[in-house]
Amino acid sequence: MHHEDLRQELALAARSFYERGWMLGTAGNLSARMAEDTFWITASGRPKDLLDTEDFVSVNLQGEVLLAASGRKPSAETAIHQVIYQHIPEARVVFHVHSIEANLCGHFARNGQLRLPPLEMLKGLGVPDAEPETDLPVFANHQDVARIAKDMDTAFTQAIPPVPGALIHQHGVTAWGSDLLSARHHLELLEYCFRYLVQAKALAIGVQA
Ligand SMILES: CSCCC(=O)C(=O)COP(=O)(O)O
Ligand SMILES: [Zn+2]
């Protein structure tokens, strides 16, 4: 795919996520690999329903800026995307959004893990088991994003998460995939799990894993 097209595809995805209430008030950031060691990422602080090709910055896996339009800086959370691309070679697209349900679900986590509901839909996240006991990692939020990235780096060095995503407590969710469509599906499936958990909690339904 041509690099300019990739930026347009990311802008379309951002608008869709904005319309779902996941990227309000400039929240969130999206990226896609251009090559093994470079990726496009949204510029910091841009409205996610109105992105154009100038709102993407090219960076390498060390976070160095390769190409940026005047006045555009890479997302403040670029280091998190770097960690994912460094540890997971098959990840080519990373979506980070701030949904209400993702942030509520952080409160249901125990010992840095959120147990996902054992739904058939987990198959779409690569979990084939009939009654899966699958935990999504939940990282502490820090104002210094480098600390979040460092925690993720340490955790991913030990083990890659069992599903293609991670939560940052009181902040948002990040999902990845091998292309735009699979990253979107992974994000949608995680968001479905979050809505399910929030509604199950409201109805006082125990979710058995
Ligand atoms: C208003 S959201 C606060 C920053 C954040 O968490 C985020 O996802 C957006 O940051 P960026 O620098 O990518 O615009
Ligand atoms: Zn964020």
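Reading the values: rules and limits
- Residues numbered from 1 in each chain as written.
- Chains lettered and ligands numbered in written order.
- Predicted model: local features only at pLDDT ≥ 70, side-chain atom pairs only at ≥ 80, totals over all residues.
- Heavy atoms only, no water.
- UniProt positions renumbered as here; feature names shortened; annotations may be inferred.
- Pairing = 2+ DSSP bridges.
- Helix = DSSP H or I, 4+ residues; strand = E, 2+ residues; numbered from the N terminus.
- Axes fitted to C-alpha atoms, helices over the stretch in contact; angles between N-to-C directions.
- Donors = N, O, S within 2.8 Å, 3.2 Å for Na, K, Ca; no water.
- Tetrahedral: all angles 85-135°; square planar, octahedral: opposite > 155°, others 65-115°.
- Buried < 20%, exposed > 50% of the residue type's maximum accessible area, 1.4 Å probe, protein only.
- 1 Å grid on protein atoms, 1.4 Å probe; cavity = no way out; pocket = protein on both sides within 12 Å on 5 of 7 lines; lining within 4 Å.
- Points joined across faces, edges and corners; volume = space filled by probe spheres on them.
- Nonpolar A, V, L, I, M, F, W, Y, C, P; charged D, E, K, R; others polar.
- Phe/Tyr/Trp six-rings, centres within 6.5 Å; stacked < 30°, edge-to-face > 60°.
- Lys NZ or Arg CZ within 6 Å of the ring centre and 35° of its normal.
- Contact = heavy atoms within 4.5 Å.

The name an unreviewed UniProt entry assigns to the protein is Methylthioribulose-1-phosphate dehydratase, from the organism Acidithiobacillus concretivorus. You can read under Pathway (unreviewed entry) in the UniProt record for the protein the words "Amino-acid biosynthesis; L-methionine biosynthesis via salvage pathway; L-methionine from S-methyl-5-thio-alpha-D-ribose 1-phosphate: step 2/6." Its UniProt record gives the protein the following Function (unreviewed entry) comment, quoted word for word: "Catalyzes the dehydration of methylthioribulose-1-phosphate (MTRu-1-P) into 2,3-diketo-5-methylthiopentyl-1-phosphate (DK-MTP-1-P)."

Focus on the sheet that holds strand 1 (residues 29-35)
The pairing of strands in a sheet happens through backbone hydrogen bonds and is either parallel or antiparallel. Reading across from one edge, 4-3-2-1-5-9-8-7-6 is the order of the 9 strands in this open sheet, with mixed pairing throughout. At either end of the open sheet lies a strand with only one pairing partner, and these are strand 4 (65-67) and strand 6 (113-115). Strand after strand, the sheet turns through a mean of 25 degrees between neighbouring axes, direction not considered. Of the strand pairs in this sheet, strand 6 and strand 7 (residues 135-139) are connected by 3 bridges, and their pairing is antiparallel.

Overview of the coordination of the zinc ion (ligand 2)
Octahedral six-donor coordination of a metal ideally yields angles of 90 or 180 degrees, compared with 109.5 degrees for tetrahedral four-donor coordination. The protein atoms donating to the zinc ion (ligand 2) are Glu77 (OE), His96 (NE2), His98 (NE2) and His171 (NE2), with metal-donor distances spanning 2.1 to 2.4 Å. Angles of 72 to 176 degrees at the metal separate the 6 donor atoms of the zinc ion (ligand 2), which places the site in the octahedral class. All donors of the zinc ion (ligand 2) come from a single chain, and their spacing in sequence reads E-x18-H-x1-H-x72-H. Taken together, the residues span a long stretch of sequence, with glutamate 77 in the loop between strand 4 and helix 2 (78-87) and histidine 96 in strand 5 (residues 93-97) at a distance of 19 residues. For the pair shown, glutamate 77 and histidine 96 are each scored as buried.

Describing empty space enclosed by the protein
Following the criterion strictly, the structure yields 1 cavity of 30 Å³ or more and no others. Here the largest cavity defines a volume of roughly 30 Å³. Taken together, Pro118, Leu119, Glu120, Leu122, Lys123, Val127, Asp129, Ala130 and Pro132 make up the lining of the largest cavity. Here the lining of the largest cavity is built from residues that sort into 6 nonpolar, no polar and 3 charged.

Description of the packing of aromatic side chains
Under the counting rule described, the total for this entry stands at 5 aromatic pairs. Three or more aromatic residues joined by ring pairs make a cluster, and in this case those are Phe17, Trp22 and Phe95. A cation over a ring is seen here: arginine 7 above tryptophan 40, with NZ or CZ 4.1 Å from the ring centre.

Considerations on the pairing of strand 3 (residues 56-60)
Counting buried positions along strand 3 yields 5 of 5 residues, so the element is predominantly enclosed. Both strand 2 (residues 38-42) and strand 3 contribute to a ladder of 5 bridges, which runs antiparallel. Pairing of phenylalanine 39 across the sheet is with valine 59, part of strand 3. Strand direction decides the pairing type here: strand 3 and strand 4, joined by 2 bridges, are antiparallel. When the sheet's bridge partners are listed, serine 58 is paired in strand 4 with leucine 67. Count of turn residues in the strand 3/strand 4 antiparallel hairpin: 4 residues, of which glycine 63 carries a positive phi of about 85 degrees.

A few points about the environment of arginine 184
Mapped onto the elements of the fold, arginine 184 is located in helix 5 (residues 180-202). Since its relative accessible area comes to 28%, arginine 184 is described here as partly exposed. Arginine 184 sits 57 residues away from valine 127 along the chain, and the two C-alpha atoms are 17 Å apart. Excluding residues that lie within four positions of it along the chain, arginine 184 makes contacts with Phe17, Arg20 and Phe95.

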